[in-house]
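Examination of the molecular architecture
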Amino acid sequence: MSIASMREIEFRDAVREAMSEEMRRDMRVMLMGEEVAQYNGAYKVSRGMLDEFGPRRVIDTPISESGFAGMAIGAAMMGLRPIVEFMSWSFSLVAADPILNNAPKMLYMSGGQFGCPIVFRGNNGAGGQLGSTHSWSIEGLFSNVPGMKMVIPSNPYDAKGLMKTAIRDDDPVFFLESERLLSMRGEVPEEEYLIPFGQARIARAGKDCTIVSFGRMVNVCLEVAIELEKEGISCEILDMRTIRPLDAASIIRSVKRTGACVVVDQSWSFGSPGSEVAALVHRECFDDLDNYVHRVHSADVPAPYAYGLEQEYLPNARRIAEAVRSCLYRS
Amino acid sequence: MSAAPNADGQVRTKSSRPEVPMATAKSWLREMMLIREFELRCMQAYQDKKIGGFCHVYIGQEAVAVGTIAATEARDPIVTAYRDHGHALARGMNPNHCMAEMFGRVGGCAKGKGGSMHMFDRDNNLFGGHGIVGAQIPLGVGLAFATKYEDEVINAAKNGGKSNRVTLAFLGDGALNQGSVHEAMNLAGLFDLPVIIICENNGYSMGTSIVRGTTMGHEISAKSEAYGMEGVEIDGMDVIETYWAMKELVDKVRATSRPIFVDMRCYRFKGHSMSDPRKYRTREEEERYEQGDPIGVLKAQLELRGLTEDEHKEIQREVRATVKSAVEWAEHSPVPPMTDLYRDVYRERWGPYTGSSEPEMLGGGENECNFNAIDTTIDRKADLL
Ligand SMILES: Cc1ncc(C[n+]2csc(CCOP(=O)(O)OP(=O)(O)O)c2C)c(N)n1
Ligand SMILES: [Mg+2]
């Protein structure tokens with residue numbers, strides 16, 4: 001990649017560029033959601049898109065998640081490729097039936113006749129003191145459903161490349177952004193690129209302990225790794241990028257080298273991507289492990305409002321560092 | 001033109017409608033009789049445990065599917081709920097494929113993966129068969145959204161013509177109480193979508209009569225009017241009346257791209273599903289409606305125009321043979337191969353299973369199967385008899 005083609009843009013710009021580029025190249029792609037058009041998006045992800053594409057392709061919907069999610073699924077069955085913005089994934093729960101019961105099952109139930117090429121996207125995870133109803137990390141709940149794909153990018157570069165892949169994918173894709181990452185700046189080339197699903201990125205190479213994470217938590221893990229380096233602990237961080245499909249091969253390869261594995265997942269622990277990874281590693285790397293897989297999740301309670309409680313609730317640097325030390329018998 | 005007994009057994013003279021050509025009217029009689037016979041055989045097969053799960057038959061409501069669908073063009077999308085065999089057959093689904101679906105056979109319209117409540121037929125623009133009460137209405141509104149988008153964005157950019165397709169989305173009276181249906185009606189009204197939402201108002205949702213579950217039960221179109229949709233009441237026990245009334249609406253929606261709501265008055269003669277003893281209504285009520293049996297009504301109308309008893313018997317003989325052979329065809333259709341379990345989950349052939357839950361069947365070891373050796377092109381619809 002030539003230096004000249006690199007520039008720094010925000011995560012939200014990266015997502016918008018991906019959507020806009022795909023809308024330019026494919027008329028079937030359109031965006032709908034609450035406040036996406038005239039208001040330029042509740043979080044300004046779709047800023048300027050109405051001006052470029054007009055109100056037939058960038059569509060303001062009423063506050064009616066079940067209705068417009070279902071409508072978009074019907075449109076996808078007909079062959080359109082809608083992008084549906086949920087202002088927050090927390091609000092997608094009122095649309096649980098269309099997004100979980102229709103989209104991921106349509107292809108199967110129709111014996112392969114009707115697919116559902118659709119992207120659902122929005123903010124996921126604690127935004128910052130929004131309290132329990134608005135702080136959902138839906139990956140644990142939703143990734144349970146076969147037939148869907150789930151993408152959780154951790155930086156602007158990945159967000160753009162993965163969004164473009166998501167829009168071109170023929171299956172329903174759940175694309176989880178984080179309000180806390182939207183202003184994150186990162187290098188994104190001018191040239192077009194796509195990132196395939198199911199390929200983890202080694203966010204940091206190391207030899208003592210494999211940390212498996214995805215989304216915003218990857219950035220926290222990177223900070224922790226710098227601190228642990230000072231203690232002589234070398235961490236390898238895998239940024240999974242997609243939960244479904246999950247790049248099992250990369251996890252196994254890394255853990256077979258390090259012999260230790262910590263999973264950092266901001267959803268609740270019970271029935272989560274974290275527990276799935278732990279089961280996988282215990283099965284595939286049983287003889288390579290020096291300790292059981294340690295897991296760092298949000299605490300098993302509703303998300304609290306108070307600042308201090310929320311900080312403790314989320315996987316944080318201290319809890320991640322403790323887990324790594326414990327896994328390596330260094331505590 | 002027609003003078004037919006309505007649900008109260010009285011003869012009501014319909015406003016002057018043009019006459020339906022005799023051949024067309026006879027084909028409707030045949031379709032309705034086919035659905036009736038098909039459903040009777042379903043009930044039998046269900047008793048014989050050849051059909052599993054839930055099964056909801058359409059007996060009594062045949063005129064609705066036949067009359068409404070006759071008013072559409074084959075390219076107009078259709079979506080309905082779980083009481084869907086009638087719509088599938090009226091839309092032209094091969095009875096063999098419909099029956100095989102219920103038998104859970106690979107020859108079924110969805111390869112045995114959908115069952116009675118989930119009939120899909122891409123070739124005939126039937127977008128399901130949906131088991132969750134009300135869920136198909138947002139989908140139907142989305143089908144209409146897509147046809148309009150195709151005309152106004154994709155084709156307009158190519159200077160192409162307009163297809164002006166009209167979507168029919170069916171629901172029951174009980175489904176009218178679902179929030180998603182109201183959200184969908186608001187969206188249809190808001191975005192001017194070319195959809196006709198047809199409420200098959202048979203007076204009951206399972207054991208709950210409409211007055212016990214629904215406000216304004218005597219005039220449900222009041223609800224659609226609140227969403228800017230014209231509401232029309234149609235006698236769904238009279239196929240000819242249903243056809244003409246629907247034809248007007250379909251033409252109108254094609255021209256205006258405004259959604260319309262239909263309060264389609266009808267009655268289901270059997271229980272809600274196979275296990276319903278119908279204790280919530282009286283035998284007298286049922287008999288009253290049975291006098292207005294839509295098949296009897298059409299037959300009487302056609303007799304006035306010269307249909308003979310022999311012709312009627314011939315149709316009866318023919319539909320019986322068709323359904324009998326559908327049952328045989330379904331019985332002879334193979335059960336789906338176990339490898340089908342993992343097909344159609346994703347567009348890629350075997351899908352991206354999470355590494356850790358990768359099915360044994362797809363993995364190595366004893367259960368290894370050679371995917372390349374599996375014939376993925378089973379001609380599920382090949383005639384077996
Ligand atoms: C969301 C949901 N709730 C409940 C059911 C169970 N259920 C299936 S059909 C039905 C009654 C629906 O009646 P109506 O809409 O009038 O349709 P009809 O059966 O009369 O055709 C119920 C309660 C369901 N399938 N989905
Ligand atoms: Mg009903």
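Note that the structure is a prediction, hence the values are computed from the model and not measured.

Considerations on the overall build of chain B
Secondary structure summary: chain B contains twelve helices and nine strands in total. The buried share of chain B, taken over its 385 residues, is 58%. Sequence-distant contacts, at least 24 apart, represent 73% of the contacts inside chain B between residues at least 6 apart.

Regarding the domain arrangement of chain A
Residue and element names in this part refer to chain A. Examined at the domain level, chain A breaks down into domain 1 (3-189) and domain 2 (201-327). The interface of domain 1 with domain 2 comprises 31 residues on the first partner and 27 residues on the second. It is Gln129, Ile152 and Ser154 in domain 1 that bury the most area against domain 2; as a group they hold 26% of the surface buried on that side. On the surface where domain 1 and domain 2 come into contact, there are two salt bridges. Run the count over domain 1 and domain 2 and you get 13 residue pairs in polar contact (both at pLDDT 80 or more). Among the secondary structure elements, those contributing two or more residues to the side of domain 1 that touches domain 2 are helix H6 (139-142), strand S6 (149-151) and helix H7 (156-168). Ranked by the residues each element gives to the side of domain 1 that touches domain 2, the list is headed by S6, at three residues. Residues belonging to the side of domain 1 that touches domain 2 are distributed by class as follows: 13 nonpolar, 14 polar and four charged.

Remarks on the interface of chain A and chain B
With 51 residues of chain A at the contact, the number on the chain B side is 50 residues. Summed over the shared surface of chain A and chain B, the number is one salt bridge. The shortest N-O distance in the salt bridge between Arg56 of chain A and Glu152 of chain B comes to 2.7 Å. One can count 19 residue pairs in polar contact (both at pLDDT 80 or more) joining chain A with chain B. Those elements giving two or more residues to the side of chain A that touches chain B turn out to be strand S2 (29-33), strand S3 (58-60), helix H3 (65-78), helix H4 (96-102), helix H5 (106-109), strand S12 (242-244) and helix H10 (273-284) of chain A. Classifying every residue of the side of chain A that touches chain B gives 25 nonpolar, 14 polar and twelve charged.

Considering the sheet that holds strand S5 (residues 195-201) of chain B
All names here are of chain B. The sheet built from five strands is open, its strands ordered S3-S4-S5-S9-S8 with parallel pairing. Since the sheet does not close on itself, it has two edges, and those belong to strand S3 (78-79) and strand S8 (230-235), each with one partner. Note that S8 and strand S9 (residues 260-265) share six bridges and pair parallel. Across the sheet, the residue bridging to Glu230 is Ile260, located in S9. Set on the sheet, helix H2 (residues 62-70) makes contact with S3, strand S4 (167-172), S5 and S9; between it and S4 the angle comes to about 165 degrees. Set on the sheet, helix H5 (residues 136-157) makes contact with S3, S4 and S5; between it and S4 the angle comes to about 170 degrees.

Focus on the coordination of the magnesium ion (ligand 2)
Residue and element names in this part refer to chain B. At 2.1 Å from the magnesium ion (ligand 2) lie its protein donor atoms, namely Asp173 (OD), Asn202 (OD1) and Tyr204 (O). Spacing between the donor residues of the magnesium ion (ligand 2) along their common chain follows D-x28-N-x1-Y. As far as the burial class goes, Asn202 and Tyr204 line up, both buried.

Describing the sheet that holds strand S7 (residues 173-177) of chain A
Residues and elements named next belong to chain A. An order of S3-S2-S4-S5-S7-S6-S12 is seen for the seven strands of this open sheet, with the pairing classed as mixed. The sheet terminates laterally at S3 and S12, the two strands that pair on one side only. Here the strands of the sheet are splayed against their neighbours by 20 degrees on average, with no regard to which way each runs.

Structural notes on the pattern of salt bridges
All names here are of chain A. Evaluated as defined, the whole model comprises 65 salt bridges over all chains. Glu21 is paired through a salt bridge with Lys160; the nearest N and O atoms lie 2.6 Å apart. With Glu21 in helix H1 (residues 11-25) and Lys160 in helix H7, the pair connects residues that are 139 residues apart, well separated along the chain. Accessibility assignment for this pair places Glu21 and Lys160 in one class, buried. For Arg318, the salt bridge is made with Glu322, and the minimal N-O distance between the two is 3.3 Å. With Arg318 and Glu322 both in helix H12 (residues 317-327) and four residues apart, this pair spans about one turn of that helix. Where salt bridges share partners, they join Arg7, Glu17, Glu21, Glu22, Arg25, Lys160, Lys164, Arg168, Glu190 and Glu192 into one cluster.

Some details on the nonpolar core
In this structure, Ile99, Phe120, Phe174 and Ile251 of chain A together with Phe145 of chain B are the most contacted members of the largest nonpolar core, which totals 86 residues. The element best represented in this core is H5 of chain B, accounting for ten residues. Setting aside anything within four residues of it in sequence, one finds Phe145 of chain B in contact with Met30, Met32, Ile59, Met71, Ala75 and Leu80 of chain A together with Leu193 of chain B. Membership of the second largest hydrophobic core comes to 72 residues, among which are Ala45, Tyr58, Met99 and Ile196 of chain B.

Quick word on the side chain of Thr242 of chain B
Residues and elements named next belong to chain B. The residue Thr242 is located in helix H9 (residues 239-256) in this model. Thr242 gets classed as buried once you look at its relative accessible area, which sits at 0%. Not counting chain neighbours up to four residues away, the residues in contact with Thr242 comprise Ala63, Val64, Gly67, Thr68, Ile234, Asp235, Gly236 and Met264.

Digging into the site of ligand 1
All names here are of chain B. What surrounds ligand 1 is a group of 15 residues, the closest being Tyr82, Arg83, Gly174, Ala175 and Asn202. For ligand 1, a nitrogen atom lies 3.1 Å from a polar atom in the backbone of Val133. At 2.8 Å, a backbone N or O of Gly174 approaches an oxygen atom of ligand 1. Considered on its own, ligand 1 offers 580 Å² of accessible surface; in the complex 71% of this is hidden by protein. By residue class, the composition of the shell around ligand 1 is six nonpolar, seven polar and two charged.

Section: the packing of helix H9 (residues 248-258) of chain A against H10 of chain A
All names here are of chain A. Interhelical geometry of H9 versus H10 gives an angle of 55 degrees and a closest axis separation of 10 Å. Taken together, the axes of H9 and H10 lie oblique to each other. The hand of the H9/H10 crossing is right-handed. Of the residues in H10, those in contact with Ala248, Ile251, Ile252, Val255 and Lys256 of H9 are Val277, Leu280, Val281 and Glu284. Of the residues belonging to the contact of H9 with H10, the class tally is seven nonpolar, no polar and two charged.

A short note on the packing of aromatic side chains
Per the counting criterion, the structure on display carries 18 aromatic pairs over all chains. Ring plane angle 25 degrees and centroid distance 6.1 Å describe the contact between Phe145 of chain B and Tyr149 of chain B, whose orientation is recorded as stacked. With Phe145 of chain B and Tyr149 of chain B both in helix H5, this residue pair falls four residues apart, about one helical turn. Classification of Phe145 of chain B by relative accessible area gives buried; the value is 7%. Here a set of aromatic residues connected by ring pairs shows up, and it is made of Phe68, Phe86, Trp89, Phe120, Phe142 and Phe174 of chain A. Across the ring face of Tyr39 of chain A, the terminal group of Lys44 of chain A is positioned such that the distance to the ring centre comes to 4.1 Å. Positioned above the aromatic ring of Tyr204 of chain B is the side chain of Arg281 of chain B, whose terminal nitrogen or guanidinium carbon lies 5.4 Å from the ring centre.

Criteria and thresholds
- Residues numbered from 1 in each chain as written.
- Chains lettered and ligands numbered in written order.
- Predicted model: local features only at pLDDT ≥ 70, side-chain atom pairs only at ≥ 80, totals over all residues.
- Heavy atoms only, no water.
- Helix = DSSP H or I, 4+ residues; strand = E, 2+ residues; numbered from the N terminus.
- Buried < 20%, exposed > 50% of the residue type's maximum accessible area, 1.4 Å probe, protein only.
- Contact = heavy atoms within 4.5 Å.
- Domains from an automatic or database assignment.
- Buried area = accessible area lost by both parts, 1.4 Å probe.
- Salt bridge = Lys/Arg side-chain N within 4 Å of Asp/Glu carboxyl O.
- Polar contact = N/O pair within 3.5 Å; in protein donor to acceptor, adjacent residues only side chain to side chain.
- Nonpolar A, V, L, I, M, F, W, Y, C, P; charged D, E, K, R; others polar.
- Pairing = 2+ DSSP bridges.
- Axes fitted to C-alpha atoms, helices over the stretch in contact; angles between N-to-C directions.
- Donors = N, O, S within 2.8 Å, 3.2 Å for Na, K, Ca; no water.
- Core = buried A, V, L, I, M, F, W, Y, C linked by side-chain atoms within 4.5 Å.
- Near = heavy atom within 4 Å.
- Areas by Shrake-Rupley, 256 points an atom, 1.4 Å probe, with all protein chains shown as cover.
- Parallel < 35°, antiparallel > 145°, perpendicular 65-115°, else oblique.
- Left-handed = near helix turned anticlockwise from the far one by under 90°.
- Phe/Tyr/Trp six-rings, centres within 6.5 Å; stacked < 30°, edge-to-face > 60°.
- Lys NZ or Arg CZ within 6 Å of the ring centre and 35° of its normal.

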